[in-house]
Amino acid sequence: MTAQRDNRMTGQRGHRMTAQRDNRMTGQRDNRITWQQRIDSALEARRAAEAFRVRSVVEGGAGRFLIRDNRQYCHFSGNDYLGLSQHPAIVRAWQQGAENWGVGSGGSGHVSGYTTAHQKLEASLADWLGYPRALLFISGFAANQALIAALMEREDRIVADRLSHASLLEAASHSPAQLRRFAHNEASHLNALLEKPCAGQQLVVTEGIFSMDGDSAPLHELHAAAQQHNAWMLVDDAHGIGVSGEEGRGSAARQGVKPDLLVVTFGKGFGISGAAVLCSEPVADYLLQFARHLIYSTSMPPAQAVALQAAMAVIRSDEGEQRRQTLAALIARFRAGVSEMPYHMTDSQSAIQPIIVGDNSRALKLAQQLRERGIWVTAIRPPTVPVGTARLRLTLTAAHHPQDIDRLLEELHAASQ
């Protein structure tokens, strides 16, 4: 009888404990938001902050003009700095490449997607920029992610400029290495961070020309700090290659610096898309073994590599130099005119000329006012830029004419009244 009673009591306790556990689990499920609630909440937060991103369907989006809904706008939001996206020789090169190779590579470069067109472009890039090797990537974002993911280990440290591109900072934050950020373009702060004990290797990360502010990094000083502490330096020169330096070799060459890792992208000065990493022979071999973005991605179409070869030829030619001089003159014309207006500008001598507005709603309003006047500009807001620094990111190109700059200045003056 006692045993039976004990069994019954044990069973009752078991049922009560199971019921309590079920109640707790049910309560947890009831309090947990659904997938749809999570998405709706995030979208509503973006809308409330006037930071909601939308895409605009346009016709002819690269070049001097942009067409949307049958209306033509003077285009000041692209990155085609030398106006090469519609260059007849480069267009023909892509067409001829497609006729010879087809429109796709058909696979990863590790399988069957590495052609003589890719090999020739890599060799030409390495020779032009003074590195033993170049490796092609499908995008600058992929190149930056691949480099940091493949190189960094848990005991290492990444010391990055706080305004580095999202592709760099995201890769650094996701890597097992420690991430520290130095004050924008402050070599002394970088040096102080590098002096702190580190069990592994250190990687200094910066851009040559910063994508949102348009200013240049003091690469000579940053490189000296890196060398003093036996650190490597990675420079993303997306906005400098083709546009800065002798033969358009970029920001590092212009400052007489040769970083350990140089990333160049082809969606700006080259007018196309894709990227390359310039590095030593051992690093190239290492990346071919361990860079997953390279190993497991379909390589760029060979026709694209042919077009990039043609674009590089233009960039290195007298025509390329003339385009750089034209762009420099337009930048000087714009800065001289806008300096007389009540706008906050950055210290940029590049094609990127941001007008810092601060408030999201004001930036959106100013962009809309300019579009109503036939000027296509884009308001850039957090999280792309720091909170309180919403801006119009104006970009000038060699395809613009002096009268385009004058018209932009006139409309900015009218909008400021």
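Scroll up for the structure.
Quick caveat, the model's predicted, so the values are computed rather than measured. (Residues numbered from 1 in each chain as written. Predicted model: local features only at pLDDT ≥ 70, side-chain atom pairs only at ≥ 80, totals over all residues. Heavy atoms only, no water.)

1. Notes on the overall build of the chain
And then number 1: Of regular secondary structure, the chain possesses 15 helices and 14 strands.
And then number 2: Taken along its principal axes, the extent of the C-alpha atoms in the chain is 105 × 55 × 50 Å.
And then number 3: Counting across all 417 residues of the chain, residues that qualify as buried make up 49%.
And then number 4: For the chain, the proportion of contacts with a sequence separation of at least 24, taken over those separated by at least 6, is 69%.
And then number 5: Surface summary for the chain: the accessible area is close to 20600 Å², and the carbon and sulfur share equals 50%. (Helix = DSSP H or I, 4+ residues; strand = E, 2+ residues; numbered from the N terminus. Buried < 20%, exposed > 50% of the residue type's maximum accessible area, 1.4 Å probe, protein only. Contact = heavy atoms within 4.5 Å. Areas by Shrake-Rupley, 256 points an atom, 1.4 Å probe, with all protein chains shown as cover.)

2. Comments concerning the side chain of Asp-237
And then number 1: Within the secondary structure, Asp-237 is located in the loop between β7 (232-236) and α9 (251-254).
And then number 2: No salt bridge is formed by the buried Asp-237. Its closest oppositely charged neighbour is Arg-254, at 7.3 Å.
And then number 3: Not counting residues within four places of it along the chain, the set of residues in contact with Asp-237 comprises Gly-208, Ile-209, Gly-250, Ser-251, Ala-252, Leu-262 and Val-263. (Lys, Arg positive; Asp, Glu negative; His and termini not counted. Salt bridge = Lys/Arg side-chain N within 4 Å of Asp/Glu carboxyl O.)

3. What about the environment of Met-312?
And then number 1: Along the polypeptide, Met-312 turns up in helix α12 (residues 302-316).
And then number 2: Counting along the chain gives 65 residues from Met-312 to Glu-247, while the straight-line C-alpha distance between them is 9.5 Å.
And then number 3: Met-312 has contacts with Leu-121, Ser-124, Leu-125, Trp-128 and Phe-270, leaving out every residue within four places of it along the chain.

4. Quick word on the pattern of salt bridges
And then number 1: This structure, assessed with the given rule, holds 11 salt bridges.
And then number 2: For Arg-316, the salt bridge is made with Glu-247, and the minimal N-O distance between the two is 2.8 Å. Taken together, the positions of Arg-316 in helix α12 and Glu-247 in the loop between β7 and α9 put the pair 69 residues apart, joining distant regions of the chain.
And then number 3: Overall, the relative accessible area of 31% leaves Arg-316 in the partly exposed class.
And then number 4: A salt bridge links Arg-323 to Glu-319, with the shortest nitrogen-to-oxygen separation between them at 3.1 Å. With a gap of four residues between them, Arg-323 and Glu-319 both fall in helix α13 (residues 318-338), about one helical turn apart.
And then number 5: Here the salt bridges share partners, and the residues they tie into one network are Arg-133, Glu-281 and Asp-285.

5. Overview of the pairing of strand β11 (residues 352-358)
And then number 1: Counting buried positions along β11 gives seven out of seven residues, so the element sits mostly inside the fold.
And then number 2: Residues Ile-352, Pro-354, Ile-356 and Gly-358 point to one face of β11 and Gln-353, Ile-355 and Val-357 to the other, with burial holding for every one of them.
And then number 3: Pairing between strand β10 (residues 344-345) and β11: two bridges, direction antiparallel. Paired with Met-345 across the bridge in β11 is Ile-355.
And then number 4: In this antiparallel pair of consecutive strands, β10 and β11, the connection spans six residues.
And then number 5: Examined bridge by bridge, β11 and strand β14 (residues 390-395) share six bridges and lie antiparallel to one another. Of the residues in β14, the one forming a bridge with Pro-354 is Arg-393. (Pairing = 2+ DSSP bridges.)

6. Some thoughts on the sheet that holds strand β13 (residues 379-380)
And then number 1: Ordered in space as β10-β11-β14-β13, the four strands form an open sheet in which the pairing is antiparallel. Only two strands of the sheet have a single partner each, and these edge strands are β10 and β13.
And then number 2: Running at roughly 35° to β14, helix α14 (residues 360-372) makes contact with β11, β13 and β14 of the sheet. (Axes fitted to C-alpha atoms, helices over the stretch in contact; angles between N-to-C directions.)

7. Re the pairing of β14
And then number 1: For β14, the buried fraction is high: six of the six residues fall into the buried class.
And then number 2: In β14, alternate side chains face the same way, and those of Ala-390, Leu-392 and Leu-394 on one face and Arg-391, Arg-393 and Thr-395 on the other are all buried.

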